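Report on the structure
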Amino acid sequence: MFTRFRRKRINPVLRDLLQETHLSTDDFIYPLFSRSGEGIKDEVTSMPGVFQMSIDEIVKECYELKKLDIKSIILFGIPDIKDSVGSDAICEHGIIADTIRAVKSAHPDMFIVTDLCFCEYTDHGHCGVIDPALETVDNDITLDNLSKQAVIHAKAGADMIAPSGMMDGMIQTIRGGLDSSGFENLPIMSYSSKFASAYYGPFRDVAESSPQKGHKIGDRKSYQMNPANRKEAIAESVSDEVEGADILMVKPALAYMDIIRDVRNNTTLPLAVYNVSGEYSMLKMAAKAGVIDYEAVMMETLLGFKRAGADIIISYHAKEAAEILRK
Ligand code: PBG
Ligand code: ZN
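Residues numbered from 1 in each chain as written. Chains lettered and ligands numbered in written order. Predicted model: local features only at pLDDT ≥ 70, side-chain atom pairs only at ≥ 80, totals over all residues. Heavy atoms only, no water.

1. Here's the deal with the site of ligand 1
- Close to ligand 1 lie 16 residues; Lys194, Arg204, Lys251, Ser277 and Tyr316 are nearest.
- Take Arg220: an N or O atom from its side chain is 2.9 Å from an oxygen atom of ligand 1.
- A distance of 2.7 Å separates an oxygen atom of ligand 1 from a polar side-chain atom of Ser277.
- Here ligand 1 loses 100% of its free accessible area of 400 Å² to cover by the protein chains.
- Among the cavities detected, the one that contains ligand 1 is the largest cavity.
- Tallied by class, residues from the shell around ligand 1 come to eight nonpolar, three polar and five charged. (Near = heavy atom within 4 Å. Polar contact = N/O pair within 3.5 Å; in protein donor to acceptor, adjacent residues only side chain to side chain. Areas by Shrake-Rupley, 256 points an atom, 1.4 Å probe, with all protein chains shown as cover. 1 Å grid on protein atoms, 1.4 Å probe; cavity = no way out; pocket = protein on both sides within 12 Å on 5 of 7 lines; lining within 4 Å. Sits in = over half its atoms within 2 Å of the grid points. Nonpolar A, V, L, I, M, F, W, Y, C, P; charged D, E, K, R; others polar.)

This is the structure we're talking about:
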């Protein structure tokens, strides 16, 4: 006696009826990179289809996104001037605050998430203020700055704040800062289990956020997680839940499917995954080399994140996936 699983795979309608996991444009958040100037839309060599854009181009891009039924973006900023603290990020007229206001006034219906971190804004390229004695980012001074940055984004009109710097206590501090400024209804999506990953390489080209060459702290291993650690990844996310995060995140996604499932099984909070730059570029380059069916591999990958337990997918593929989902 054996089971005829194939009985249910023959008719395509029945296959659809029995499909356990689905992708939808409701799942996606699309990343955008904002810089000063006008009419600027510069493609990034390492990420075909991804651009640094001036604010006017970002506003135009939002029309395209809405046509594709993508309703949410996450903003990253490339400031004109970088310094040791990342002052542009804590200034009401910094690049992100200006971008939020412009997008909101043209597109009140666009859901704006902001990445909250300092690596794009500091001249050393680290995610906060440096503690020279410890040769790492000073956790608690950076917390104060994160809280200021969050309130600036909130005042400019952001719909959700996404802290990505892996500082301890960042959720509790930002929640406190937002609440005491009257933003108790603004949700926080924490990059709660974020690994020190080589998959961020192409992003750092777009965002111009690599740790400065020759700086004595050459990587982010003293604050982002060790890719080998599974139990710690669960603890990090659960701890952010306790601190008051509304949505948790695992990042990167593709090489961390087990972590996505682990976090899913250890919380009832919604879970996001970040399908990062290196994952995107690998598919793009493989397609260019003619070695994969790009669209099929992309959709299989995105579906895999849902199956692993993700509710939200932040992805540079979102527009291409939306076009396929529409057919
Ligand atoms: C900033 C930040 C990074 C990414 C998102 N927010 C880079 C980093 O931590 O170096 C990576 C996104 C990607 O690779 O697509 N802290
Ligand atoms: Zn950072």
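2. Regarding the coordination of the zinc ion (ligand 2)
- Coordination sphere of the zinc ion (ligand 2), protein contribution only: Cys117 (SG), Cys119 (SG) and Cys127 (SG), at 2.2 to 2.3 Å.
- Of note is the zinc ion (ligand 2), whose four donor atoms meet at the metal with angles of 96 to 124° in an arrangement that counts as tetrahedral.
- Spacing between the donor residues of the zinc ion (ligand 2) along their common chain follows C-x1-C-x7-C.
- Accessibility expressed as a relative area gives 1% for Cys117, which makes it buried. (Donors = N, O, S within 2.8 Å, 3.2 Å for Na, K, Ca; no water. Tetrahedral: all angles 85-135°; square planar, octahedral: opposite > 155°, others 65-115°. Buried < 20%, exposed > 50% of the residue type's maximum accessible area, 1.4 Å probe, protein only.)

3. What to know about the layout of surface pockets
- The volume enclosed by the largest pocket comes to roughly 170 Å³.
- If you go around the largest pocket, you meet 13 residues; those closest to its centre are Asn139, Met166, Asp168, Ser222 and Tyr223.
- Elements with a minimum of two residues in the lining of the largest pocket: β7 (136-137) and α7 (231-243).
- Of the residues belonging to the lining of the largest pocket, the class tally is five nonpolar, four polar and four charged. (Points joined across faces, edges and corners; volume = space filled by probe spheres on them. Helix = DSSP H or I, 4+ residues; strand = E, 2+ residues; numbered from the N terminus.)

4. Some points on the packing of aromatic side chains
- The full count for this structure, using the stated rule, is eight aromatic pairs.
- Ring centres 5.0 Å apart and planes at 80° place the aromatic pair Phe76 and Phe203 in the edge-to-face group. Of the two residues, Phe76 is situated in strand β4 (residues 72-78) and Phe203 in helix α6 (residues 201-207); the sequence distance between them amounts to 127 residues. Comparing Phe76 with Phe203, the two get one shared label, buried.
- Of the aromatic side chains, those joined through ring pairs into one cluster are Phe33, Phe76, Tyr191, Phe203, Tyr274, Tyr280 and Tyr316.
- The ring of Tyr200 has Lys194 sitting right over it, with the charged end atom 5.5 Å from the ring centre. (Phe/Tyr/Trp six-rings, centres within 6.5 Å; stacked < 30°, edge-to-face > 60°. Lys NZ or Arg CZ within 6 Å of the ring centre and 35° of its normal.)

5. Describing a nonpolar patch on the surface
- Side chains of Val13, Leu17 and Leu18 sit close together on the surface and give an oily, nonpolar patch of about 320 Å² of accessible area.
- On the basis of relative accessibility, which here comes to 55%, the residue Val13 falls in the exposed class. (Patch = residues over 30% accessible without salt bridge, like charges linked within 9 Å, V, L, I, M, F, W, Y side chains within 5 Å. Salt bridge = Lys/Arg side-chain N within 4 Å of Asp/Glu carboxyl O.)

6. Thoughts on the nonpolar core
- By size, the foremost hydrophobic cluster in this structure holds 99 residues, and its most contacted members are Phe33, Ile73, Leu178, Met189, Tyr274 and Leu302.
- Here this core gets seven residues from one element, more than from any other, and that element is helix α4 (residues 139-156).
- When near neighbours in sequence (up to four residues on either side) are disregarded, Leu302 contacts Leu23, Phe28, Asn275, Ile313, Ser315, His317 and Ala321. (Core = buried A, V, L, I, M, F, W, Y, C linked by side-chain atoms within 4.5 Å. Contact = heavy atoms within 4.5 Å.)

7. Describing the pattern of salt bridges
- Summed over the entire model, instances satisfying the criterion amount to 15 salt bridges.
- The closest approach of N and O atoms between Lys41 and Glu61, which form a salt bridge, is 3.9 Å. Residue Lys41 is located in strand β2 (residues 41-44), and its partner Glu61 is located in helix α2 (residues 55-67); the two are separated by 20 residues in the primary sequence.
- Under the relative-accessibility criterion, Lys41 is labelled partly exposed at 39%.

8. As for the packing of α4 against helix α5 (residues 170-180)
- Running from N to C, α4 and α5 point in directions that differ by 45°, and their axes come no closer than 8 Å. Regarding the angle of α4 to α5, the classification is oblique. Relative to α5, the crossing made by α4 is right-handed. Of the residues in α5, those in contact with Leu143, Leu146, Ser147, Ala150, Val151 and Ala154 of α4 are Met170, Thr173, Ile174, Gly177 and Leu178.
- Tallied by class, the residues present in the contact of α4 with α5 amount to eight nonpolar, three polar and no charged. (Axes fitted to C-alpha atoms, helices over the stretch in contact; angles between N-to-C directions. Parallel < 35°, antiparallel > 145°, perpendicular 65-115°, else oblique. Left-handed = near helix turned anticlockwise from the far one by under 90°.)

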